[in-house]
Amino acid sequence: MAFHTLGCKLNYSETSTLSRMLEKEGFEKREFDEPADVYVINTCSVTENADKECRHLVRRIQRQSPESLVVITGCYAQLKPREIASIPGVDLVLGAAEKFNIVQHLKEWSKGDPTKICSCDIGELSSFHASFSLNDRTRTFLKVQDGCDYNCSFCTIPMARGKSRSDTIAGVLRNVEEAVAAGVKEVVLTGVNLGDFGRSEVALTGDETNFFTLIRELEQVEGIQRYRISSIEPNLLSPEIIEWVAGSSKFMPHFHIPLQSGSNRILASMRRRYKRELYAERVQQIKALMPHCAIGVDVITGFPGETGVEFRETVDFLQGLEVSYLHVFTYSERDHTKALEIKPVVPIATRQERNKILRNLSYMKMQYFTAQHQGQVRKVLFEKQAHDTLMEGYTDNYIKITTPYRAEWVNQLVDWTI
Ligand code: SF4
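What counts as what
Residues numbered from 1 in each chain as written. Predicted model: local features only at pLDDT ≥ 70, side-chain atom pairs only at ≥ 80, totals over all residues. Heavy atoms only, no water. Salt bridge = Lys/Arg side-chain N within 4 Å of Asp/Glu carboxyl O. Helix = DSSP H or I, 4+ residues; strand = E, 2+ residues; numbered from the N terminus. Buried < 20%, exposed > 50% of the residue type's maximum accessible area, 1.4 Å probe, protein only. Pairing = 2+ DSSP bridges. Axes fitted to C-alpha atoms, helices over the stretch in contact; angles between N-to-C directions. Contact = heavy atoms within 4.5 Å. Near = heavy atom within 4 Å. Nonpolar A, V, L, I, M, F, W, Y, C, P; charged D, E, K, R; others polar. Expected span 1.5 Å × (residues − 1). Arc of directions from axis to C-beta. Domains from an automatic or database assignment. Buried area = accessible area lost by both parts, 1.4 Å probe. Polar contact = N/O pair within 3.5 Å; in protein donor to acceptor, adjacent residues only side chain to side chain. Core = buried A, V, L, I, M, F, W, Y, C linked by side-chain atoms within 4.5 Å.

## Considerations on the pattern of salt bridges
Point 1. For the coordinates displayed, the defined rule picks out 26 salt bridges.
Point 2. In this structure, Lys107 and Glu25 form a salt bridge, with 3.4 Å as the shortest nitrogen-oxygen distance. With Lys107 in helix α5 (residues 102-108) and Glu25 in the loop between α1 (9-24) and β2 (38-43), this residue pair connects regions lying 82 residues apart in the sequence.
Point 3. For the salt bridge of Asp316 with Arg312, the shortest nitrogen-to-oxygen distance reads 3.5 Å. Residue Asp316 and its partner Arg312 are located together in helix α13 (residues 308-320), separated by four residues, close to a single helical turn.
Point 4. Since its relative accessible area comes to 42%, Asp316 is described here as partly exposed.

## Side note on the sheet that holds strand β4 (residues 92-94)
Point 1. Pairing in this open sheet of five strands is parallel, and the strands run β1-β2-β3-β4-β5 from one edge to the other. The sheet is open, and its two edges are formed by β1 (2-5) and β5 (116-118), each paired on a single side. Here the average twist between neighbouring strands, direction ignored, is 15°.
Point 2. Pairing between β1 and β2: four bridges, direction parallel. Note that in β2 the partner of Thr5 across the bridge is Asn42.
Point 3. In the packing of α1 onto the sheet, the strands contacted are β1, β2 and β3 (69-74), and the crossing angle to β1 comes to about 170°.
Point 4. Docked against the sheet, helix α2 (residues 50-64) engages β1, β2 and β3, running at close to 170° with respect to β2.

## Description of the site of the ligand
Point 1. Contacts to the ligand come from Cys148, Tyr150, Cys152, Phe154, Cys155, Pro158, Val192, Glu233 and Arg272.
Point 2. Of the residues that constitute the shell around the ligand, the class distribution is seven nonpolar, no polar and two charged.

## Concerning α13
Point 1. The end-to-end C-alpha distance of α13 is 18 Å, a good match for the 18 Å that 13 residues give at a rise of 1.5 Å each.
Point 2. Turning to α13, its buried residues are Glu310, Phe311, Thr314, Val315, Phe317 and Leu318. Summarising the axial view, the buried residues of α13 lie within an arc of 165°, below the 170-degree limit, and thus occupy one face. Pointing more than 90 degrees away from the buried face of α13 are the exposed residues Val309 and Gly320.

## Some details on the domain arrangement of the protein
Point 1. Structurally, the protein comprises domain 1 (2-120), domain 2 (127-252) and domain 3 (377-417).
Point 2. Here the C-alpha centre of domain 2 lies 26 Å away from the C-alpha centre of domain 1.
Point 3. Taken together, the contact pairs 18 residues of domain 1 with 20 residues of domain 2.
Point 4. Among the residues of domain 1 in contact with domain 2, Lys9, Leu10 and Arg20 are the three that bury the most area, contributing 32% of the side total.
Point 5. Taken together, the connections running from domain 1 to domain 2 amount to two salt bridges.
Point 6. At the junction of domain 1 with domain 2, the criterion picks out six residue pairs in polar contact (both at pLDDT 80 or more).
Point 7. Looking at the side of domain 1 that touches domain 2, the elements with two or more residues in it are α1 and α3 (75-79).
Point 8. Top contributing element to the side of domain 1 that touches domain 2 by residue count: α1, with nine residues.
Point 9. Across the side of domain 1 that touches domain 2, the residue classes tally to seven nonpolar, six polar and five charged.

## A word on the nonpolar core
Point 1. Counting residues in each nonpolar core, the largest one holds 57 residues, and the members touching the most others are Leu189, Phe211 and Phe255.
Point 2. With six residues, the single largest contributor to this core is helix α7 (residues 169-181).
Point 3. Residue contacts for Leu189: discarding those within four places in its chain leaves Leu142, Val144, Leu194, Phe211, Ile215, Leu218, Arg228, Ile229, Ser230 and Phe251.
Point 4. Formed by 21 residues, the second largest nonpolar core is a distinct cluster that contains Cys54, Val58, Tyr76 and Val90.

Here it is as structure tokens:
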């Protein structure tokens, strides 16, 4: 069997778990460009041209292993199952509820059967399936939460992944212990809306669990050296969480906080649950407690109705904030989203021009942040993937280090002078 993953860290953690499930059934793992009996493509709905990419991958499989089974799963498979099933060569389409039943589906299916679509109404999805990556990369991406109850007007993720639900604290601790036993030093906590951890369970069981209780429990796990919080909404990143991370020896000084726009009018139109003032407060608190902390920001350019003046507001706001890098997305239309009703549409060339301006700003922010740490000694965890003759690793505060490959440094924390 061979896997290909498109999209986010959550998808990587799920692919890794699916792969271990199949390995337990006797399947042997192959690289995607090697011959295999089963190919699984884990798709994303955020990726531009998801359909084109999927078709391209299926054609590649047909050329190299025409007799193999082709399974498509993930967010795009949930959103557009029929479109995917119509791609010549696709055998099984597994939606959000069915992907973790892959073993059963493979047992019931033979090559030559008509293409089968297994996808439920996303509103009915209530189960949580924990997953984490192991061995694929040096750091482990651990899914602790899935789905989202927010309704940001540009986003299809709630339609692809369903309502917010989480693992239990005991479940998360068990998975971290398993990762530690396998030699993992850094766990990256991931979720669709990570800061929402435990909230829906409170409503169901009355148990007081939330993201803050989770991180306090995680601090107690023996043997783990580092945790990273992958991305957290500004309104859910409470002052107590920031204080806790500042005093923790295991949670890394690194936050990734989606902003999306620096204009309050656009934020309201996106149905985001905060204003720019709250965002600025969070950044100020982080930097006051941890001046060395890395802060990453997601921003969207060319959201419908975004004027030149509002875009400038975003640029000025980000320029004045002590953040370290930006992930810039160009707005693109998505079926069934509220944003489609908002006018006027921003021309694509303008969206892209704005994207370029923010990417330049990101480059300057990153240069400045790195220069601030020049000469300091910080711990770097080196990763096992080789990039030609080079290896990469990250400092505690997410500065990427690239150096000639040394096998003895893989998965080691090395003191490094920046
Ligand atoms: S918080 Fe908004 S952008 Fe993030 S997954 Fe939920 S709906 Fe989408």
